[in-house]
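# Summary of structural features
Here is how the chains run, residue by residue.
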Amino acid sequence: MSVLDVGKLALIVAAPTLIGAAVVYAPRFCGAVADRWRALHPPPPQPFGPPIEQLAADLRRLLRLHSDLTASAHLAMRAHRLWAVEAAIATRAVETAKALGVPHPDPPTPGALTRRELLDLLTALSAAGLVLPAKVGPFTSDGRL
C-alpha cells in the first residue's frame, strides 16, 4: 500500500465528517464575517421621518383648516371634524418636535394631547424657529366640543 492509497483512504473516511462540520459551522462563520463587515462599513444614517419642511407645511395647513372650521361650520356639524383636525395637529406637532429636538409630551396614543399641552408645544415649536400662523386655537379642552 502506497502513500497515495493511504491518503485516499483517509480522505474517504474523513470526508463525511468534514462535510458535516462544514454544514454545521459555515453559517456561524458567514454570520461572523457579515457582522464584521457591517461593523467596518456601517450604513449611512437614515432620516427619522418626513423632512422638516413637509412637517411644517402640514402643521400650518392643519392650523389653517382648524381656524376655518371654527369660523364657518355649525357647532353640531363641526364637532367631530374639529376633534379629528386637533388630533392630526397634535400628531404632527409631536413629530415636528422630535425632528427639531424640542422637548415635548409623549402621549400614550397619537394625538391625545390636552389643550394646554398642545398650546405649549406649538409655542415651543414657534420659539424654536418654526413659522406658524399668528392665531393658534381655540382648542377644545378634552378633544371634543
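First things first, this report covers the structure right here in the doc.

The rules we used
Residues numbered from 1 in each chain as written. Predicted model: local features only at pLDDT ≥ 70, side-chain atom pairs only at ≥ 80, totals over all residues. Heavy atoms only, no water. Helix = DSSP H or I, 4+ residues; strand = E, 2+ residues; numbered from the N terminus. Contact = heavy atoms within 4.5 Å. Areas by Shrake-Rupley, 256 points an atom, 1.4 Å probe, with all protein chains shown as cover. Polar contact = N/O pair within 3.5 Å; in protein donor to acceptor, adjacent residues only side chain to side chain. Core = buried A, V, L, I, M, F, W, Y, C linked by side-chain atoms within 4.5 Å. Buried < 20%, exposed > 50% of the residue type's maximum accessible area, 1.4 Å probe, protein only. Expected span 1.5 Å × (residues − 1). Bend = angle between axes of the 7 residues up to and from the residue.

### Digging into the overall build of the protein chain
Assigned secondary structure in the protein chain consists of four helices and zero strands. Secondary structure elements of the protein chain, listed N to C terminal, follow the sequence α-α-α-α. Taking the contacts inside the protein chain whose residues are at least 6 apart along the sequence as the reference set, 64% of them involve residues at least 24 apart. Within the structure as shown, the protein chain displays about 10100 Å² of accessible surface, and the carbon and sulfur contribution to it stands at 66%.

### Quick look at the side chain of E86
Mapped onto the secondary structure, E86 falls in helix α3 (residues 75-100). Of note is the side chain of E86, whose polar atom sits 2.9 Å from the side chain of H66.

### Quick word on the nonpolar core
Residues L59, I89, A93, L118, L121, L122 and L125 are the most contacted members of the largest nonpolar core, which totals 20 residues. Only α2 (52-72), α3 and α4 (115-127) provide two or more residues apiece to this core.

### Observations concerning helix α1 (residues 3-40)
The end-to-end C-alpha distance of α1 is 46 Å, clearly below the 56 Å that 38 residues give at a rise of 1.5 Å each. At A14, α1 is deflected by roughly 40°, the largest bend along its length, and proline P16 occurs up to four residues later in sequence.

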